[in-house]
Amino acid sequence: MEYGRVTDRELESIRKIVGSERISMGESILELHSKDESFHQRRKPDVVVWPLSAAEISQILKLANEKRIPVTPWGAGTSLEGNPIPVEGGIVLDLQQMNHILELRTEDLQVRVEAGVIYKELNQTLSRHGLFFPPDPGASATIGGMVGNNASGIRTIKYGATKDFILSMVVILPSGEIIHVGTNAIKSSSGYDLCRLFVGSEGTLCVVAEVTLRLIGLPAEFMAAVVQFNPIREATDTVIQIMRSGLSPAALEFLDAPTVQVVNQFKKLSLEERPTLFIEFHGVSAAGLKEELEMVKEICGENRSLRFDSGIGREERNRLWEARYGVRESIKVNNPGFYPLVIDTAVPISKYSDMVEWGQKVVGKKGLKGYAFGHAGSGNLHMEILGIPEEKAQWQKVREAEEEIVHFALECGGTATGEHGIGIGKKKFMKKEHGASLTLMRQIKELLDPNGIMNPGKIFD
Ligand SMILES: Cc1cc2nc3c(=O)[nH]c(=O)nc-3n(C[C@H](O)[C@H](O)[C@H](O)COP(=O)(O)OP(=O)(O)OC[C@H]3O[C@@H](n4cnc5c(N)ncnc54)[C@H](O)[C@@H]3O)c2cc1C
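Quick caveat: nothing in here was measured; it's all calculated off a predicted structure.

(A) Main features of the packing of helix α8 (residues 232-244) against helix α13 (residues 352-365). Here α8 crosses α13 at 150°, and the two axes come no closer than 8 Å. Taken together, the axis directions place α8 and α13 in an arrangement best described as roughly antiparallel. Crossing hand, α8 versus α13: right-handed. Here Ile232, Arg233, Thr236, Asp237 and Ile240 of α8 lie close against α13, whose contacting residues are Tyr352, Ser353, Asp354, Val356, Glu357 and Gln360. Classifying every residue of the contact of α8 with α13 gives four nonpolar, three polar and four charged.

Have a look at this one:
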């Protein structure tokens, strides 16, 4: 499809909409919006625009749609699959200045925010009211970017992913039409669920301007444990048993020994370098949590755990979670010059041990170095496989390993991506994962965005 270019005439029209302060063609700004956190080829947009309202976004989309100019919504650019890279140039709509908490309804446990709000900052405000928004991708993501990728994280196992917290949204369609989807009711059986359609659409169907989120009361008590095993299968089998036992952990994370090693070095921890589980429970009473941890300890014992450290204080617990959030950074710092390609498969929980084992086998067979960790309780495996994209033969091996691992996950009834989205990197798995329903997805795209202006080149070509 031939796209239109941003000429002086369009620039003038955009300036009329947002003023001259909120539009830039500066080299460093274009460069900043040419890449995310992935290895995918950079591409600068023609122009970056910072809208302040749904009305401004609507006018820009109308103009772009008329001229078939690509538009890519932008949150914080922390994606890992090339999701916000403007591969066809055009306009990047950076939502970061739409960063207001519009309405906090504590009595309903709901908040209405603009899409550019950073979720960590939102949670700081909410904590003063005894509330929180649980999905936690770790990086400094915006709510719009979390909606775009249907982000989740450590606490998804208990509370759910971004999609589970969205009650209603204001979105702008490529035609410029502003629509409100969803309601503020916690449950609804009314018609097609358009919120769910737009969540995870990676900016390919609409721009999200405003989101009403469901919130959770901050847990009164928490308890954490660090458990270590050898070999790795005993750790991953324990995860499966904990999930089957009826217990409801708020976090259940797995790290293999090399991951523990890099985290120890980078985050100054002194964990034994063995397959490890980080486990956390949330609840209303310390006594109840103690009971749950006792049950977990028993399960771990049955799987020959080597160490079970519970009774971790607040400070130590925070340090552990900070270390867990810092895994990717730790891997990068410990392996300068290498790029870690990230696997993000998720499988039904009974297949988790097989998934981890298969991943390690593939990486070993290809003579590569990899780190395995992930949101194990949700069946989500991250393997970071090291390579240098410029070294073609070696990078080819990394990509082959990725394919073998993802295909295994799909054969287990799983997915190529548990939380990072398709972007550019996972497009090649869409056919195998979705079969005929991929055609329906294309038809939906065609219906909502007939000119293909919204974030072209993502999810599918
Ligand atoms: C170190 C590290 C750790 C990470 N860990 C996790 C993790 O544990 N879990 C997880 O889920 N992710 C994780 N991520 C990935 C990333 O942080 C998330 O996907 C996050 O939600 C992206 O948010 P963002 O604001 O940076 O969005 P961006 O990267 O800017 O955009 C994401 C997508 O959403 C679209 N988009 C952005 N804003 C809007 C909008 N207003 N309307 C419509 N579309 C929009 C973009 O076009 C793009 O396709 C991690 C990333 C890093 C770097």
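(B) Highlighting the environment of Gly138. Position of Gly138 among the secondary structure elements: in the loop between β7 (131-132) and α5 (143-149). Separated by 60 residues in the primary sequence, Gly138 and Thr78 have C-alpha atoms spaced 9.9 Å apart. Not counting the four nearest positions on each side in its chain, Gly138 is found in contact with Tyr119, Lys120 and Tyr325.

(C) Inspection of the sheet that holds strand β1 (residues 23-24) at higher detail. If you trace the four strands from one edge of the open sheet to the other, you get β1-β2-β4-β3, paired in mixed fashion. Whereas interior strands pair on both sides, the edge strands pair on one side only; in this sheet they are β1 and β3 (71-74). Pairing between β3 and strand β4 (residues 91-94): four bridges, direction parallel. Residue pairing in the sheet places Trp74 in a bridge with Asp94 of β4.

(D) Looking closely at the pairing of strand β5 (residues 101-105). Sheet topology note: the β5/strand β6 (residues 110-114) ladder contains four bridges and is antiparallel. Directly across from Arg105, in β6, lies its bridge partner Gln110.

(E) The site of the ligand, seen in detail. The full set close to the ligand counts 33 residues, and Pro73, Thr78, Ser79, Pro137 and Ser152 are the nearest of them. At 2.6 Å from an oxygen atom of the ligand is found a side-chain nitrogen or oxygen belonging to Ser79. Between the ligand and Gly145, the relevant distance is 3.4 Å, taken from an oxygen atom to a main-chain nitrogen or oxygen of the residue. Look at the ligand: alone it shows 990 Å² of surface, and the protein chains cover 93% of it. Contributing elements (two or more residues each) for the shell around the ligand: β3, α5 and β10 (207-214). Per-element tally for the shell around the ligand: the top contributor is α5, with five residues. For the shell around the ligand, the residue count by class is 15 nonpolar, 15 polar and three charged.

(F) Representation of the side chain of His420. Looking at the element boundaries, His420 is found in the loop between α14 (392-411) and α15 (430-434). When neighbours within four sequence positions are excluded, His420 is seen to be in contact with Leu80, Glu81, Asn83, Asn149, Val342, Asp344 and His382.

(G) Molecular detail of the nonpolar core. Residues Ile91, Phe133, Ile143 and Met169 are the most contacted members of the largest nonpolar core, which totals 59 residues. The biggest single contributor to this core is helix α3 (residues 54-67), with six residues. Both of domain 1 (8-96) and domain 2 (98-217) provide at least three residues apiece to this core. Counting 44 residues, the second largest nonpolar core, distinct from the first, contains Ala225, Ile232, Ala235 and Phe408.

(H) Representation of the pattern of salt bridges within the structure. If you walk through the whole model with that rule in mind, you get 37 salt bridges. Put simply, Arg42 and Glu31 hold a salt bridge, and the shortest N to O gap is 2.8 Å. With Arg42 in the loop between α2 (27-32) and β2 (47-49) and Glu31 in helix α2, the pair connects residues that are eleven residues apart, well separated along the chain. Exposure remark for Glu31: the relative accessible area of 28% places this residue in the partly exposed category. A salt bridge links Glu402 to Arg399, with the shortest nitrogen-to-oxygen separation between them at 3.1 Å. Separated by three residues within a single helix, Glu402 and Arg399 lie in helix α14, roughly one turn from each other. Arg399 shares its class with Glu402; the two are buried.

Reading the values: the criteria
Residues numbered from 1 in each chain as written. Predicted model: local features only at pLDDT ≥ 70, side-chain atom pairs only at ≥ 80, totals over all residues. Heavy atoms only, no water. Axes fitted to C-alpha atoms, helices over the stretch in contact; angles between N-to-C directions. Helix = DSSP H or I, 4+ residues; strand = E, 2+ residues; numbered from the N terminus. Parallel < 35°, antiparallel > 145°, perpendicular 65-115°, else oblique. Left-handed = near helix turned anticlockwise from the far one by under 90°. Contact = heavy atoms within 4.5 Å. Nonpolar A, V, L, I, M, F, W, Y, C, P; charged D, E, K, R; others polar. Pairing = 2+ DSSP bridges. Near = heavy atom within 4 Å. Polar contact = N/O pair within 3.5 Å; in protein donor to acceptor, adjacent residues only side chain to side chain. Areas by Shrake-Rupley, 256 points an atom, 1.4 Å probe, with all protein chains shown as cover. Core = buried A, V, L, I, M, F, W, Y, C linked by side-chain atoms within 4.5 Å. Buried < 20%, exposed > 50% of the residue type's maximum accessible area, 1.4 Å probe, protein only. Domains from an automatic or database assignment. Salt bridge = Lys/Arg side-chain N within 4 Å of Asp/Glu carboxyl O.

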